[in-house]
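Inside the fold
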Amino acid sequence: MIEFMLNQELIQWDATVSDLTLLQWLREERQLTGSKEGCAAGDCGACTVLVGQVEEEGQLKYRSINACICFMGSLAGHHVLTVESLQQEGNLHPVQQALVDHHGSQCGFCTPGFVMSLLGWWWNTEPQQLDSEVNFANHRHEVEQALSGNLCRCTGYQPILLAADSLAPRSRADDLLLVDKEKLIARLTAINNSNAQPTTSTWQGFYSPTNVADLSLAYTACPEARLVAGATDLSLELTQKLQPLPSLINLKQITELNQLQQQERHLVIGAAVSLLQMESFLRPYYPAFADILTWLGSRQIRHQGTMAGNIASASPIADTPPALLALDSQVVLQRGSQQRTIALSDFYLGYRQTVLRPAEFIHSILIPLPVARQQFFMAKVSKRKEDDISAVCLALSIVLQSGVVQQVAIGAGGLAATPARARTTESLLQGQTLDHNLINACGNTLAKDFQPISDFRASAAYRRQVTQNLLQDFLQKALSHDALTQEGAA
Ligand SMILES: Cc1cc2nc3c(=O)[nH]c(=O)nc-3n(C[C@H](O)[C@H](O)[C@H](O)COP(=O)(O)OP(=O)(O)OC[C@H]3O[C@@H](n4cnc5c(N)ncnc54)[C@H](O)[C@@H]3O)c2cc1C
Ligand code: FES
Ligand code: FES
């Protein structure tokens, strides 16, 4: 049995049904049909709800998520806020009123999701004065990011953006939903969830361990169970392929797997850290990597999804492995109480195949700290910028000293059965003086490194050409930057 709050109500829910989604439960069992099912795949945002959690500092923080790909068991101790709860004392909520005032309320399918995403943005943003171009541009970027997972297929976004402009300077003090926040924090903190640990291989249910030792015990007892972090990949096996997921072990409640820290030589990323947390954490070290993360899925997907899940899915078009490969990252794997650390480049065995053994899991990811003169570049090519999967993703890490390549690593996605390094091209560059001839020669070696396929995202020829263009552009920029650094030093 787990407990969570739904709007104003305390819910007790039997966690033996592992793979019921929040959207199914809301609509079919609670008849709360404001949250809509547009795609059941995390793509359209029609099912967006807010999920609040009391954080370590005692703050209640709300995140927008896709209810269609959220498993009920993951809600233990959380506050779920649906669109039905917004109207207070017969009045529209300020976010709803702003949409009405600016003609931003559209059809019944997309509007509830837009309302909830805007509410999440408004609550998580300090009141802003939009009195300079810079303030306005920053504000618009934030709103667009908050709405990146909400699709409307028929009208337009402008009235919705105008509604957000009108909300930006408004204080949240008069929001009736936030009046009893302290009481709500106390109620959530008092929830004491306990759930039965798997002890046999035939166990079925949803188990949320709170420490790595319990995770190891449970996974060893039931290696057939599936691990679930953000569920943004795994849930599609249920909602798209209609495959039941009877035994799930949740990683998100494990404190140790939520660690995010700088150590002497590495950044350590726990397996349960969300992609959104990664954006701000990585920015001071590798800004180009952080920039690409802002285009991974949508805000809702990044609130839930993790880097470890992105790696473990072993998708050839996952966005973080190319960067992690170029940065020579490692993964710490654990089975029972034993850990082993391997290079990410040794993690993939073939299409959707990894070296993970039964009952073994990714504990954390180690990203080396930047070294002197290291330059890092990354690009993702997709048909849409927001909420779209890569046709090609390329990352380059290079250290140049007076024009000579001291270190180079190239990671790529979308070009082979797994994310992969461009070893032949790296060998061509290593130790050489970087000039236009060498940069041009990379085109030929890339063709030896990768023989991409054609599919609905891009043709093989397009993939080849765009990869060559990206790499040559990165190398050119690295060379120019190195020349400027030398001039500056002279
Ligand atoms: C609408 C939408 C848009 C998306 N856009 C992008 C995109 O632009 N770029 C991109 O790269 N991906 C994208 N994805 C895919 C997905 O969001 C990412 O791959 C995400 O990082 C998966 O993380 P997760 O925590 O949700 O994984 P989960 O779904 O929880 O798990 C994925 C798989 O990894 C396993 N797993 C999870 N954690 C571990 C662990 N610690 N050890 C071992 N196995 C583990 C699970 O058992 C499962 O098999 C998108 C998905 C959706 C639904
Ligand atoms: S129904 Fe489309 S994102 Fe959930
Ligand atoms: S999908 Fe609702 S108005 Fe376009």
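None of these values were measured; they are calculated from a predicted model. (Residues numbered from 1 in each chain as written. Chains lettered and ligands numbered in written order. Predicted model: local features only at pLDDT ≥ 70, side-chain atom pairs only at ≥ 80, totals over all residues. Heavy atoms only, no water.)

Focus on the overall build of the chain
Test applied: Strands here mean DSSP runs of E at least two residues long; helices mean DSSP runs of H or I at least four residues long; both are numbered from the N terminus. Both definitions apply: the radius of gyration is a C-alpha atom measure, and the globule rule equals 2.2 Å times residues to the power 0.38. Relative accessibility decides the category of a residue: with a 1.4 Å probe and only protein chains considered, values under 20% of the type maximum give buried, values over 50% give exposed, and everything between is partly exposed. Calculation of accessible area relied on Shrake-Rupley with a 1.4 Å probe; when residues are assessed, cover is drawn exclusively from the protein chains displayed.
A count of helical and extended segments in the chain gives 16 helices and 19 strands. Scaling as 2.2 N^0.38, a compact globule of 490 residues should have a C-alpha radius of gyration of about 23 Å, and the chain matches this with 24 Å. Viewed in the frame of its principal axes, the chain has a C-alpha envelope of about 70 × 60 × 45 Å. Counting all 490 residues of the chain, 56% fall into the buried class. Entry remark: accessible area of the chain is about 21300 Å², with carbon and sulfur atoms responsible for 49%.

What to know about unusual backbone geometry
If you check the backbone angles, Gln31 has positive phi at about 50 degrees while not being a glycine. At Glu89, a residue that is not glycine, the phi angle is positive and equals roughly 50 degrees. For Glu89, the location among the structural elements is in the loop between β5 (79-81) and α2 (94-101).

Thoughts on the pairing of strand β1 (residues 2-6)
How we decide: Note: two strands are recorded as paired if DSSP finds a minimum of 2 bridges between them.
In terms of residue burial, β1 counts as a mostly covered element, since 5 of its 5 residues are buried. Side chains of β1 alternate between two faces, with Ile2, Phe4 and Leu6 and Glu3 and Met5 buried alike. Relative to strand β2 (residues 9-13), β1 is paired through 5 bridges, and the arrangement is antiparallel. Across the sheet, residue Ile2 finds its bridge partner in β2, namely Trp13. Hairpin connection between β1 and β2: a loop of 2 residues separates the two successive antiparallel strands, and Asn7 in this loop has a positive phi of roughly 50 degrees. Bridging between β1 and β5 involves 2 bridges; their strand directions are parallel. Along β5, the bridge assignment pairs Met5 with His79.

A few points about the sheet that holds strand β19 (residues 420-421)
Stated formally: Should any heavy atoms of two residues lie within 4.5 Å, those residues are considered in contact. Working convention: axes come from line fits to C-alpha atoms, limited for helices to the stretch in contact. Angles between N-to-C directions cover 0 to 180 degrees.
Sheet architecture is open: 4 strands sit in the order β16-β17-β18-β19, paired in antiparallel fashion. If you trace the sheet from one side to the other, it starts and ends with β16 (374-381) and β19, each paired once. Pairing of strand β17 (residues 392-401) with strand β18 (residues 404-413) involves 9 bridges; the strand directions are antiparallel. Residue pairing for β18: Leu400 is matched across the bridge by Val405. Helix α16 (residues 460-489) contacts β16, β17 and β18 of the sheet and is inclined by roughly 25 degrees relative to β17.

Things to note about the domain arrangement of the chain
By a frequent convention, interface size equals the accessible area lost on bringing the separate parts together. Selection criterion: In this document the domain limits rely on a domain assignment from an automatic tool or a database.
If you check the domain split of the chain, you get domain 1 (205-255) and domain 2 (371-490). A C-alpha centroid distance of 36 Å is found between domain 1 and domain 2.

Points about the packing of aromatic side chains
So the rule is basically this: Pairs were defined over the aromatic rings of Phe, Tyr and Trp, the Trp ring being its six-membered one, requiring ring centres within 6.5 Å. Orientation was assigned from the angle between planes: stacked under 30 degrees, edge-to-face over 60, tilted for the rest.
A full pass over the atoms with the stated rule returns 8 aromatic pairs. The interplanar angle of 65 degrees and the centroid separation of 5.6 Å between the aromatic rings of Tyr286 and Phe376 together place this pair among those described as edge-to-face. Here Tyr286, found in the loop between α9 (275-282) and α10 (287-293), pairs with Phe376, found in strand β16; they are 90 residues apart in sequence, far enough to count as distant. Phe376 shares its class with Tyr286; the two are buried. With 6.3 Å between their ring centres and 45 degrees between their planes, Phe289 and Phe376 make a pair best called tilted. Placement of the pair is Phe289 in helix α10 and Phe376 in strand β16, with a sequence separation of 87 residues. Like Phe376, Phe289 is buried. Of the aromatic side chains, those joined through ring pairs into one cluster are Tyr286, Phe289 and Phe376.

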